[in-house]
Structure formats: C-alpha cells, structure tokens
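# Tertiary structure, described
Residues per chain are reported as follows:
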Amino acid sequence: MTGQWFTPDDDEEVLWSAKPRIQSVIPALVAGLVALAVAAGFAWVIEEPLVILPGVVLGILPPLVAYFRVVNTEFVVTNQACYRKTGGLSRTVLSADFESVQNSSYEQPALGALFGYGTVEVDTAAGGGTELTFWNVEDPGSVQRLVLSQKQRHQSSDDIPGSLEQWQAVRDEVRRLRRAVERSDGTRTR
C-alpha cells in the first residue's frame, strides 16, 4: 500500500500500512447535505433560487476536503519506526523511530468499538506529547500492540549507550570525585 513517498532503509521491513477508513468522510457528507437542505429550504421560502449557491458550495466543499484528506493520508509501521504521510500536492511525513517512542495508546468511540476502528496515538520523547496519530484505522488494538512490541524489541537490545571511551571517561571522573571527597573529609578508603 505504501506509495512513492516511502523508501525503506535496506534493513527496514514494513510490518503494517493502512489508510484511514473511507467512512471518515461521512460526518462531512452529512454536514454538507444539511447545508444544502437549509440553503434549498431558504431559497424556496424567499423564492430566490440564487440564494442556494452558497449552500451548494458549503454542501460540496466539506465532503470533498474530507475525502481528499482521507485518500492522501497513509500510516506505516516498520521494524524501525512509525510514519504518517499527509497531503497530496504538498506532502508532510512525520516519523518516530522506536528508540524515541515512549508509549502508545488507542481509543475507540462507541461506533468504533462496534465496527472495529479507532485511533492509535504514539507518544515520543522528542515531541513532548503525542506526535503521531493513526486515526480511524481498523483494529487499533492490534496496531498499538505492534507499536509497543517493536518499542520493547528496540529497548531490550544488548547495546549499551555510549562508547567505551565515554564510559572510561565517566569512570575516571567518578574516581576523581571520590578522591576529592576523601581529601575533604580526611578519610582514605581504597
């Protein structure tokens, strides 16, 4: 499903990709139909057919915007990071690698629980809050579990942060501080 916007690294594998459900357009469609009905009713009451033109614009524009927002949004989870692409003509891609992911949660409104969709939020250390939101996706619980399992996999690696030289510098500094404390209180320990 991933388009030309996504080029994975050599060791990166796509584990999940999706778009928001097309049903996400329904609220805007309903609002547009209400605007059309109100404008048509108003034009009929005052017997001025041209009054319906703003209602037509208000009736068509919200569903069109919502539709293009849905079809130009894509979500991807790989074994390295989470991505969200939005936009058609201009494009915005947000990403969060699993080393920076702090937590993930999901929520389902009543209809979402009934029909199996919801929103997954990925919280990162760098963002100070929710940065990536996968909205109106199928089975949000499994997507959240995937994100958390990849986060855990990256955190449980045997890699110790920092280089050997950095850790030796930390050790030397701790030894220096210990000697300074021992000199200041007159005791000497080995």
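Strand order across the open sheet formed by four strands is β1-β2-β3-β4, with antiparallel pairing between neighbours. Each edge of the open sheet carries a strand with a single partner, namely β1 (14-18) and β4 (92-97). Direction aside, neighbouring strands of the sheet carry axes that sit 10° apart on average. Bridging between strand β3 (residues 81-86) and β4 involves six bridges; their strand directions are antiparallel.

Here we take up the confidence of the model for the chain. Close inspection of predicted coordinates is inappropriate in any region flagged by low pLDDT. Overall, the predicted model of the chain reaches an average pLDDT of 86, with 91% of residues at or above 70. Of all the helices and strands in the chain, strand β7 (residues 129-138) carries the lowest mean pLDDT, 85, while strand β2 (residues 74-78) carries the highest, 96.

With respect to the helices, strands and loops of the structure, V120 is situated in strand β6 (residues 117-124). In sequence terms V120 and Q166 are 46 residues apart; their C-alpha atoms lie 38 Å from each other. Once you skip the residues sitting within four places of it in the chain, V120 turns out to touch S104, S105, Y106, L132, T133, F134, V137, P140, V143 and Q144.

Cut-off values and rules
- Residues numbered from 1 in each chain as written.
- Predicted model: local features only at pLDDT ≥ 70, side-chain atom pairs only at ≥ 80, totals over all residues.
- Heavy atoms only, no water.
- Pairing = 2+ DSSP bridges.
- Helix = DSSP H or I, 4+ residues; strand = E, 2+ residues; numbered from the N terminus.
- Axes fitted to C-alpha atoms, helices over the stretch in contact; angles between N-to-C directions.
- pLDDT = per-residue confidence, 0-100.
- Contact = heavy atoms within 4.5 Å.

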